[in-house]
Amino acid sequence: LYGIRGLGELAAILGWKENPVELERFADRPNNYRVWTEEGRAIQAPIESLRIIQARIATLLRRVQPPDYRHSGIRKRSFLTNAQQHLADDPSIKIDIRRFYPSTSFDHVRRFFRDDLKCAGDISIILAKLCCYRRNLGNVGHLPTGGVHSEVLGFYCHKRAFDALLARADARGGAMSIYVDDIMVTMPNASLTDLEWVRRLFSRSGIEMHRGKSRVISKRAPKTINGVIIRNGATHAIAAQHRKTKE
């Protein structure tokens, strides 16, 4: 996906078999998504032909060597390896991104392809159209909640902010990890001041922390992260997560 300059090149990389011009028309086609509500959560799921393209984009992005702090969607990493980064006897900051996929906008995606992957401007727009749910088919939309590509693309759209958070943790002799939209930082003297710093960092990137779920955990208190309890320097799967793992 790096440095794509033309529509023909994009069509070939995505495995599009028809005329490349039709790919742009396909991206602008209405009814590319099925939309419904499930347990109070809006689901936007692509039709099969679009799902195949989004899966191809996800596959290509997953070929990029991921940073050590990312633990979701990566072979030999999991919610367990994520939790194991936080065994140190230090306070932690637990950060939950509010509405991660809906908060990752069409413009976030377009800028990622243009600025980070160095694609041509028009190609970046087409890729954003293929990757985003757009209710009215304009250049306003967001990553779909039911997209197979949304997790990995959402991560890379906000990687600069995540890297800045990692640098802060490293400078304090701490650790930071991400599992989908759950972020944990464990470092000496982590405090509400650090949590507010993270809030401002994310706000500049156009993402919002979930205030009710983001908090500082004292170093003596048990920590729960993605269904794993950390207590006295060891991990313990809670009962529900343990049953799920066994199944």
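A brief look at the structure comes next. (Residues numbered from 1 in each chain as written. Predicted model: local features only at pLDDT ≥ 70, side-chain atom pairs only at ≥ 80, totals over all residues. Heavy atoms only, no water.)

Our focus in this paragraph is helix α9 (residues 159-171). Along its 13 residues, α9 runs 18 Å from first to last C-alpha, staying within 8% of the 18 Å computed at 1.5 Å per residue. Those residues of α9 hidden inside the fold are in contact with β3 (92-96), α8 (150-157), β4 (175-179), β5 (182-186) and α10 (192-204). The first or second residue beyond α9 is Gly-173, which carries a positive phi of 70 degrees. (Helix = DSSP H or I, 4+ residues; strand = E, 2+ residues; numbered from the N terminus. Expected span 1.5 Å × (residues − 1). Contact = heavy atoms within 4.5 Å.)

To continue, consider unusual backbone geometry. The phi torsion at Glu-39 lies on the positive side, around 55 degrees, for a residue other than glycine. Among the structural elements, Glu-39 can be located in the loop between β1 (33-38) and β2 (41-46). With a phi close to 60 degrees, Asn-189 is a non-glycine residue in the positive phi region. The topology assignment puts Asn-189 in the loop between β5 and α10. Assessed through its relative accessible area of 64%, Asn-189 is described here as exposed. (Buried < 20%, exposed > 50% of the residue type's maximum accessible area, 1.4 Å probe, protein only.)

Here we take up the packing of helix α6 (residues 106-116) against helix α7 (residues 121-131). In the contact formed by α6 and α7, the axes pass within 8 Å of each other and the chain directions differ by 135 degrees. By the criterion of interaxial angle, the relationship of α6 to α7 is oblique. Note that α6 runs across α7; the crossing there is right-handed. For the pair formed by α6 and α7, the contact residues are Phe-106, Val-109, Arg-110, Phe-113 and Arg-114 on the first element and Ser-124, Ile-125, Leu-127, Ala-128, Lys-129 and Cys-131 on the second. Residues that form the contact of α6 with α7 fall into these classes: seven nonpolar, one polar and three charged. (Axes fitted to C-alpha atoms, helices over the stretch in contact; angles between N-to-C directions. Parallel < 35°, antiparallel > 145°, perpendicular 65-115°, else oblique. Left-handed = near helix turned anticlockwise from the far one by under 90°. Nonpolar A, V, L, I, M, F, W, Y, C, P; charged D, E, K, R; others polar.)

With the rule as written, the count across this model stands at 17 salt bridges. A salt bridge links Asp-68 to Arg-77, with the shortest nitrogen-to-oxygen separation between them at 3.9 Å. According to the relative accessible area criterion, Asp-68 is exposed, its value standing at 64%. Salt bridges here are not isolated pairs; linked through shared partners, they connect Asp-28, Lys-129 and Arg-134. (Salt bridge = Lys/Arg side-chain N within 4 Å of Asp/Glu carboxyl O.)

Here α10 is 13 residues long and its end C-alpha atoms lie 19 Å apart, about the 18 Å a rise of 1.5 Å per residue gives. What α10 keeps buried is the set Asp-194, Leu-195, Val-198, Leu-201 and Phe-202. One side of α10 holds all its buried residues, which, seen down the axis, span an arc of 120 degrees. Projecting away from the buried face of α10 at angles above 90 degrees are the exposed residues Leu-192, Thr-193 and Arg-204. (Arc of directions from axis to C-beta.)

Spatially, the four strands line up as an open sheet ordered β4-β5-β3-β6, and their pairing is antiparallel. If you trace the sheet from one side to the other, it starts and ends with β4 and β6 (215-217), each paired once. In this sheet, adjacent strand axes meet at a mean angle of 20 degrees when their direction is disregarded. Direction of pairing for β3 relative to β6: antiparallel, over a ladder of three bridges. By the bridge assignment for β6, Ile-93 is matched with Val-216. Where α9 meets the sheet, its contacts fall on β3, β4 and β5, and the angle it forms with β4 comes to roughly 150 degrees. (Pairing = 2+ DSSP bridges.)

Moving on, we come to the sheet that holds strand β9 (residues 234-237). Sheet strands associate in pairs through backbone hydrogen bonding, adopting either a parallel or an antiparallel arrangement. Within the open sheet, the three strands sit side by side as β7-β8-β9. Their pairing is antiparallel. A strand with exactly one partner marks an edge of an open sheet, and here the two such strands are β7 (223-225) and β9. The average undirected angle you get between the axes of adjacent strands in this sheet is 30 degrees. Pairing of β7 with strand β8 (residues 228-231) involves three bridges; the strand directions are antiparallel. Its bridge partner being in β8, Thr-224 is matched across the sheet by Ile-229.

Below, the discussion takes up the side chain of Ser-214. Following the sequence through the fold, Ser-214 ends up in the loop between α10 and β6. Looking at Ser-214, its side chain comes within polar contact range of the main-chain nitrogen of Asp-96, at 3.0 Å. A distance of 2.9 Å separates a polar side-chain atom of Ser-214 from the backbone oxygen of His-210. Not counting residues within four places of it along the chain, the set of residues in contact with Ser-214 comprises Lys-94, Ile-95, Asp-96, Leu-195 and Met-209. (Polar contact = N/O pair within 3.5 Å; in protein donor to acceptor, adjacent residues only side chain to side chain.)

Read these as spatial facts, not as claims about activity.
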